[in-house]
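Each chain, written out:
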Amino acid sequence: MARITLSILLLLSVSTVWGQDVLIPMDGQQSDHLKAYGLAYWTLQQGVTIDWLLNYRGGSFLLREFQQLEDELALRNVAFQRLSGSEAARLIAEVEREGANTAVVRLEKPPRIAVYAPRQTLPWDDAVLLALTYAEVPYEMVYDDEVLRGDLQHFDWLHLHHEDFTGQYGKFYQYRSMPWYIEQQREAEDAARRHGFRKVSQLKLLVAQTIRQYVLEGGFLFAMCSGTDTYDIALAALDTDIVPSEYDGDPVDPDALGKLDFAETFAFTGFRPSFNASEYEHSDIDAGPPPPQLQNPVVDYFTLFEFSARWDPVPTMLTQNHVATIKGFIGQTTAFRKQFVKPGVVALAEAPLRGEVKYLHGSFGQGTFTYYAGHDPEDYQHYVGDPPTDLSLHKNSPGYRLILNNILFPAARKKKQKT
């Protein structure tokens, strides 16, 4: 009888623990913000839903305790608090309180993630790959063959590695004698011929248009650095040739500017491509690096805009952070000039000292696109050959948090099931 009583007490004890709620704070009390996103993704993989508490303690997560959760929290060194049922109920009531700029968004299903990048790309070549790898979020690599084969239908979220969709090999013309550049050019030209094209720019245009259709039908697109503006430039140049002869063997169309079709683009309009093969710039969309007096992480920064958690949940999700001001960082595309951002596209963050957009978001068809300028949030001015960023030294990085907000955002939106 005593043995039975003890067994019942043990079951009740386990039930009580597992019946509790767990709060994962995302303010200054979090020990590892980046791993916390990976923990949230892993939780969704277990079939457990999460309440994302927008604008509450940096965008905290609330979920029910379940078996293995505590071990996983410890393994990832993610700070958490246990709440009783009544405490959790009071917290939800506080977040949903009338007049408060906070809200609850339910995350239901882990998005299937793809990264568009060449096969030889390593995690430290790209900030998003670094973030996904450090946070332990699974992803698959796709490139031109997979995109044109129709594989994007299997994914909810797509990141564009800092690709040059104009077919100008990143405009790294000064490195044209380097082995890595020669190999990149050879592989791109081989791929173009394999798909029946004479020029790389023609292949990249078809890839860009296929991705455009993916977004139109409900896909979520995220891009950083030159993957942002070169994508839109390629779409606008569908009926003309903007590539100098140094890259494709024939001259730029004399009427190229008049033939640009800005109705095809996602975010930008009215821009002028650069026709100088030696210029390390694709167009005037990019504001370029700050002037010398501002090229310092101490004075170069950008500020997140605040949105209504209740009425603008999407931009609110994308800007969740434990700080509002984030140190700047340079890339081939460092910031977007405001005058070229289309009406209706939402600026999520701005560099106030220069009045330029750093981070933006918009809708297209059933899907969305988000562009984040700059190369690496924790490497102010990344050069070719620089060592990789060690995210274990930047586990509370607010700049990297913006990337990881994007991988959870699709989990909050119901859409047509993909096969």
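Described below are features of the structure shown in this document. Since the model is a prediction, treat every value here as computed from it, not as a measurement.

### Describing the environment of leucine 75
Working step 1: The topology assignment puts leucine 75 in helix H3 (residues 69–75).
Working step 2: Look at leucine 75 and you get exposed, because its relative accessible area is 71%.
Working step 3: Separated by 36 residues in sequence, leucine 75 and leucine 39 place their C-alpha atoms 9.9 Å apart.

### Side note on the sheet that holds strand S3 (residues 60–64)
Working step 1: Read from one edge to the other, the open sheet built from five strands follows the order S4-S1-S3-S2-S5, with strand pairing classed as antiparallel. Here the strands that pair on one side only, and so sit at the sheet edges, are strand S4 (81–83) and strand S5 (103–107). Each strand axis lies, on average, 25 degrees off the axis of its neighbour in the sheet, ignoring direction.
Working step 2: The sheet contact formed by strand S2 (residues 50–54) and S3 spans three bridges and is antiparallel. Opposite aspartate 51, over in S3, you have leucine 62 as the bridge partner.
Working step 3: The strands that helix H2 (residues 33–45) touches are strand S1 (21–24), S2, S3 and S5; relative to S3, the one it contacts most, it runs at about 30 degrees.

### Overview of empty space enclosed by the protein
Working step 1: Scanning the entire structure with this criterion turns up four cavities of 30 Å³ or more.
Working step 2: Taken as a whole, the largest cavity holds about 70 Å³ of empty space.
Working step 3: Asp300, Tyr301, Phe302, Gly328, Phe329, Thr334, Ala335, Ala351, Arg354 and Lys358 together form the lining of the largest cavity.
Working step 4: Here the lining of the largest cavity is built from residues that sort into five nonpolar, two polar and three charged.

Calculation criteria
- Residues numbered from 1 in each chain as written.
- Predicted model: local features only at pLDDT ≥ 70, side-chain atom pairs only at ≥ 80, totals over all residues.
- Heavy atoms only, no water.
- Helix = DSSP H or I, 4+ residues; strand = E, 2+ residues; numbered from the N terminus.
- Buried < 20%, exposed > 50% of the residue type's maximum accessible area, 1.4 Å probe, protein only.
- Pairing = 2+ DSSP bridges.
- Axes fitted to C-alpha atoms, helices over the stretch in contact; angles between N-to-C directions.
- Contact = heavy atoms within 4.5 Å.
- 1 Å grid on protein atoms, 1.4 Å probe; cavity = no way out; pocket = protein on both sides within 12 Å on 5 of 7 lines; lining within 4 Å.
- Points joined across faces, edges and corners; volume = space filled by probe spheres on them.
- Nonpolar A, V, L, I, M, F, W, Y, C, P; charged D, E, K, R; others polar.

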